[in-house]
Amino acid sequence: MPTPNNHRHSPLGTNLAPEMGAALAAYNAAVFTGPGEIPRKYRELIGIAVALTTQCEACIRFHTEDAVALGASEQELAEVTYLAAAMRAGGAVVHGMKALSVAARAAKPLASTGA
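Residues numbered from 1 in each chain as written. Predicted model: local features only at pLDDT ≥ 70, side-chain atom pairs only at ≥ 80, totals over all residues. Heavy atoms only, no water.

Draft legend 1. A look at the pattern of salt bridges. For the structure shown, the criterion picks out 4 salt bridges. Note that Asp 66 and Arg 40 form a salt bridge whose closest N and O atoms lie 3.5 Å from each other. With a gap of 26 residues between them, Asp 66 in helix α3 (residues 57-69) and Arg 40 in helix α2 (residues 40-54) connect regions that are remote in the sequence. The residues Asp 66 and Arg 40 share a single accessibility class, namely buried. Between Glu 65 and Arg 61 there is a salt bridge, and its shortest N-O distance comes to 3.7 Å. Pair noted here: Glu 65 and Arg 61 are both in helix α3, with a separation of 4 residues, about one helical turn. For Arg 61, a relative accessible area of 45% gives the class partly exposed. When salt bridges with common partners are traced through the structure, they connect Arg 40, Glu 44 and Asp 66 into a single cluster. (Salt bridge = Lys/Arg side-chain N within 4 Å of Asp/Glu carboxyl O. Helix = DSSP H or I, 4+ residues; strand = E, 2+ residues; numbered from the N terminus. Buried < 20%, exposed > 50% of the residue type's maximum accessible area, 1.4 Å probe, protein only.)

Have a look at this one:
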């Protein structure tokens, strides 16, 4: 199985804001490859789900490459896709509830101020 390595490079290269890029690359490496209780493959699957909801094409590609290198199956990728879809749908429903609440307040006549 190939060793995943998409988290060790600065996203903008080494010439543009090199200190910030190196810090971001180190942070990403720590989050995705560092020690922790969540296994590495699951971290990448979570990364895919978040990338699907934020619609970051590069993130989808990098996290998918690393997840597959770590043994993720097509079934797992399909399930992650549906999990991400459910999260986006849930957000839309909750925001729709907020819109309905705003509409209900807007429909009520304003109390007279006696002016």
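Don't stop here, the text continues.
Draft legend 2. Expanded view of the nonpolar core. With 8 residues, the main nonpolar core is built from Leu 45, Ile 48, Ala 49, Ala 67, Ala 72, Leu 77, Val 80 and Ala 84. Among the elements of the structure, α2 and α4 (74-107) are those that each provide at least two residues to this core. Beyond its immediate chain neighbours, meaning those up to four positions away, Ala 67 contacts Lys 41, Glu 44, Leu 45, Ile 48 and Ala 72. (Core = buried A, V, L, I, M, F, W, Y, C linked by side-chain atoms within 4.5 Å. Contact = heavy atoms within 4.5 Å.)

Draft legend 3. Just a nonpolar patch on the surface, in detail. Side chains of Ile 38, Tyr 42, Ile 46 and Val 50 sit close together on the surface and give an oily, nonpolar patch of about 370 Å² of accessible area. Along the chain, Ile 46 falls in helix α2. Look at Ile 46 and you get partly exposed, because its relative accessible area is 46%. (Patch = residues over 30% accessible without salt bridge, like charges linked within 9 Å, V, L, I, M, F, W, Y side chains within 5 Å. Areas by Shrake-Rupley, 256 points an atom, 1.4 Å probe, with all protein chains shown as cover.)

Draft legend 4. Focus on unusual backbone geometry. Of note, Ala 17 is a non-glycine position whose phi angle comes to about 45 degrees, a positive value. Assignment of secondary structure puts Ala 17 in the segment before α1 (18-33). Of note in the backbone geometry, Gln 55 takes a positive phi value of approximately 60 degrees without being a glycine. Note on placement: Gln 55 falls in the loop between α2 and α3. Among the residues examined, Gln 55 registers a relative accessible area of 56% and is labelled exposed.

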